Amino acid sequence: MNKFAFVDCTTVDQALAELKDGAVIKAGGIDLLDLMKDGIVTPPKLVNIRNVSSLRGITASKDGLHLGPLATLSELAAHPEIQRDYSALADAAGHAATPQIRNMATLGGNLTQRPRCWYFRSSDFDCKKKGAGSDECHAHEGENQYHAVMNNSTCAMVHPSSTAVPLLAMNAQVEITSKRGKRSVPISEFYVPPEKSLINETVLQTGEIITGIFVPAPESGTRSAYQKYGEKESFDWPLADAGIVLVMEGERCRKAAVVMGVAAPTPIRSQAAEAVLTGATINEATARAAAKAAMQGATPLSQNGFKVQLFQTAIYRTILLAAGQMQRDPSAIG
Ligand SMILES: Cc1cc2nc3c(=O)[nH]c(=O)nc-3n(C[C@H](O)[C@H](O)[C@H](O)COP(=O)(O)OP(=O)(O)OC[C@H]3O[C@@H](n4cnc5c(N)ncnc54)[C@H](O)[C@@H]3O)c2cc1C
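The structure presented is a predicted model; accordingly, all values stated were derived computationally and were not measured. (Residues numbered from 1 in each chain as written. Predicted model: local features only at pLDDT ≥ 70, side-chain atom pairs only at ≥ 80, totals over all residues. Heavy atoms only, no water.)

**Quick look at the overall build of the protein**
Our working rule: Elements are defined by DSSP. Helices are runs of H or I of four residues or more, strands are runs of E of two residues or more, and each kind is numbered from the N terminus. The globule rule used for comparison is 2.2 Å times the number of residues to the exponent 0.38, while the radius of gyration itself is calculated over C-alpha atoms. For every residue, the accessible area (1.4 Å probe, protein chains only) is compared with the maximum for its type, and the residue is labelled buried under 20%, exposed over 50%, or partly exposed between those bounds.
In terms of regular secondary structure, the protein is built from 13 helices and twelve strands. Relative to the 2.2 N^0.38 estimate, which gives 20 Å for 334 residues, the radius of gyration of the protein is 19 Å and therefore close to what a compact globule would have. If one aligns the C-alpha atoms of the protein with their principal axes, the spans along those axes are about 55 × 50 × 35 Å. For the protein, the proportion of its 334 residues judged to be buried stands at 55%.

The structure is reproduced here in structure tokens:
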């Protein structure tokens, strides 16, 4: 691990003043420290924002949910109003990683953690994403069983954040602050696909901090759920996941959002699946049809075709869970 300076901040202004000359923000530190220990990033200075009290807190009000970026995954999962009105977010936060990690991991850090790809995360490999002169994506020809099954032609990394999935389905906004002021970015525009940049995974620029996440209040009749599937019961990222938001009028679905996280380099909505559900009665047949539609554009690699089936299972069962027609699937993980 490289030598680095460590600065403890108690205000956003102090943190902004320290964010220069390659310094990076440290929140819970889980992903950042992993990357430093593996030699993938070597920042000269960590700006610790964990003691900035104005970045904490969860407020559910009439207009929606105001989340501080330092809210931990445990806090999100245990919050009664999030469990009741934004269930998919409570599901995603409460089934990520492990209980110990959820106590440390912050929402801002969870949304901004780096992607999963064992070539990217190993210092033994250069690849085009690392920008060190290599023009290869090793996953294309190499070991790719955990890699992306959609939008994977430039880089086959997978998006890692479970909470981004329901937040995209719920049309959340990310508040970003810099010395120049504040801007608000819809989460649908927050993530940058590798075709636009292989270096930046989000629109965050040097000197910017996420200072809030806002989720608009759900329309009446809204129900939502998130589930993830994978190899291990706990202590692991998913191989397939689904975040579903349904606006119901009786048995009929008036509006739907179907989002997948680990299918592609960025979290993606499936308009094809949403079109199947919109106006339909939700039952096993429509849920399965939507799941099939979601995976129609899949481009699996040599070893990850199984994920296409796993995603269909994740999507149809999570649609039924959101609609209240199925209990949480015992074979879902986390
Ligand atoms: C075994 C294991 C299993 C896991 N499983 C899952 C899983 O299933 N689902 C899942 O979602 N995650 C999973 N994780 C990842 C874990 O949840 C993340 O590492 C954690 O959420 C990161 O949060 P943090 O606060 O520790 O971020 P940090 O490590 O402190 O920061 C991560 C990145 O975010 C940036 N950052 C942090 N806060 C801000 C801010 N306010 N503004 C701007 N930038 C910021 C940092 O500069 C850094 O680049 C798993 C981790 C492990 C070790």
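Let us keep going from here.
**Quick word on empty space enclosed by the protein**
Picture a little ball the size of a water molecule; that probe, rolled over the atoms, points out where space is still empty. Rules: The definitions used throughout rest on a 1 Å grid laid over the protein atoms alone, on which a cavity is an enclosed set of points accommodating a 1.4 Å probe that cannot get out and a pocket is an open set flanked by protein within 12 Å on both sides along at least five of seven lines; lining residues are those having an atom within 4 Å of a point. Grid points are joined across faces, edges and corners, and a volume is the space filled by probe spheres set on the points. Throughout this entry, Asp, Glu, Lys and Arg are counted as charged residues, while Ala, Val, Leu, Ile, Met, Phe, Trp, Tyr, Cys and Pro are counted as nonpolar. The remaining residues, Gly among them, count as polar.
Considering all chains together, one arrives at one cavity of 30 Å³ or more under this definition. Roughly 90 Å³ of internal volume is contained in the largest cavity. Contributing to the lining of the largest cavity are 14 residues, with Cys117, Cys127, Lys129, Cys137 and Cys155 lying nearest its centre. Across the lining of the largest cavity, the residue classes tally to ten nonpolar, one polar and three charged.

**Details of the nonpolar core**
Cut-off, in case you're wondering: To form a nonpolar core, buried Ala, Val, Leu, Ile, Met, Phe, Trp, Tyr and Cys residues must be joined to one another through side-chain atoms within 4.5 Å. A contact between two residues is defined here by any heavy atoms of the two lying within 4.5 Å.
Counting residues in hydrophobic clusters, the biggest one holds 39 residues, and the most contacted among them are Leu246 and Ile315. Elements with a minimum of two residues in this core: strand 9 (222-229), strand 10 (240-249), strand 11 (252-260), helix 11 (271-277), helix 12 (284-294) and helix 13 (306-322). Here this core takes nine residues from helix 13, the largest share from any one element. Residues contacting Ile315, with those up to four places away along its chain left out, are Ala242, Ile244, Val258, Met260, Ala291, Ala294 and Met295.

**Side note on helix 13**
Convention followed: By this rule the span expected of a helix is its residue count minus one, scaled by 1.5 Å.
Taking 1.5 Å of rise per residue, 17 residues should cover 24 Å, and helix 13 covers 24 Å from first to last C-alpha, within 8% of that figure. Most of helix 13 is tucked away: 13 of the 17 residues are buried. Gly324, located one to two residues past helix 13, shows a positive phi value of around 80 degrees.

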